[in-house]
Amino acid sequence: MIKEVKDYAARFTYKPVQRAVAKRIRLNAIQKTKARLAVHHQTLDDYTEEELEIIIEDEERKIISQLKTTGLLAALSLLGISLFP
């Protein structure tokens, strides 16, 4: 019985959803990187692949942090808890 439940659960993994979210975050980070470079009057050609990867990873971390904060505030508001009295 337990093996059947594990097999059933294994068929419905969240890998496709995780990949889709990671791809969306990556695309959003690339757009923000391009915007940040445009503000500083620079282009993607001014940087090496490694430097661009570092900049994009930084933007990804910012986006994920923002999503976590937003999710936490939404969960708290559903519970009726306010951080700002």
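In case you missed it, the structure is sitting above this.
Scope of this entry: the structure provided in the associated data block.

Conventions and cut-offs
Residues numbered from 1 in each chain as written. Predicted model: local features only at pLDDT ≥ 70, side-chain atom pairs only at ≥ 80, totals over all residues. Heavy atoms only, no water. Helix = DSSP H or I, 4+ residues; strand = E, 2+ residues; numbered from the N terminus. Buried < 20%, exposed > 50% of the residue type's maximum accessible area, 1.4 Å probe, protein only. Contact = heavy atoms within 4.5 Å. Areas by Shrake-Rupley, 256 points an atom, 1.4 Å probe, with all protein chains shown as cover. Axes fitted to C-alpha atoms, helices over the stretch in contact; angles between N-to-C directions. Left-handed = near helix turned anticlockwise from the far one by under 90°. Nonpolar A, V, L, I, M, F, W, Y, C, P; charged D, E, K, R; others polar. Patch = residues over 30% accessible without salt bridge, like charges linked within 9 Å, V, L, I, M, F, W, Y side chains within 5 Å. Salt bridge = Lys/Arg side-chain N within 4 Å of Asp/Glu carboxyl O. Expected span 1.5 Å × (residues − 1).

### Considerations on the overall build of the protein chain
Piece 1. Along the protein chain, the regular secondary structure elements total three helices and zero strands.
Piece 2. Along its sequence from the N terminus, the protein chain presents helices and strands in the succession α-α-α.
Piece 3. When the 85 residues of the protein chain are sorted by exposure, 13% land in the buried category.
Piece 4. Pairs at least 24 residues apart make up 56% of the contacts formed inside the protein chain by residues separated by at least 6 positions.
Piece 5. Here the protein chain displays about 7,500 Å² of accessible surface, and carbon together with sulfur accounts for 63% of that area.

### Focus on the packing of helix H2 (residues 15–39) against helix H3 (residues 49–78)
Piece 1. Contact pair H2 / H3: the axes reach a minimum separation of 8 Å and the direction vectors enclose 115 degrees. Note on packing geometry: the crossing formed by H2 with H3 is right-handed. Side by side, H2 and H3 meet where Ile25, Arg26, Asn28, Ala29, Ile30, Lys32, Thr33, Arg36 and Leu37 of the first sit next to Leu52, Glu53, Ile55, Ile56, Asp58, Glu59, Glu60, Lys62, Ile63, Ile64, Gln66 and Leu67 of the second.
Piece 2. Considered class by class, the residues forming the contact of H2 with H3 number 10 nonpolar, three polar and eight charged.

### Observations regarding a nonpolar patch on the surface
Piece 1. Taken together, the side chains of Tyr14, Val17 and Val21 define a hydrophobic patch exposed on the protein surface, amounting to about 330 Å² of accessible area.
Piece 2. Position of Val21 relative to the elements: it lies in helix H2.

### Things to note about unusual backbone geometry
Piece 1. One non-glycine residue, His41, lies in positive phi territory at about 55 degrees.
Piece 2. Tracing the backbone shows His41 in the loop between H2 and H3.

### Some details on H3
Piece 1. Over its 30 residues, H3 runs 43 Å from end to end, which matches the ideal 44 Å to within 8%, given 1.5 Å per residue.
Piece 2. Turning to H3, its buried residues are Leu52, Ile55, Ile56, Glu59, Glu60, Ile63 and Leu76.

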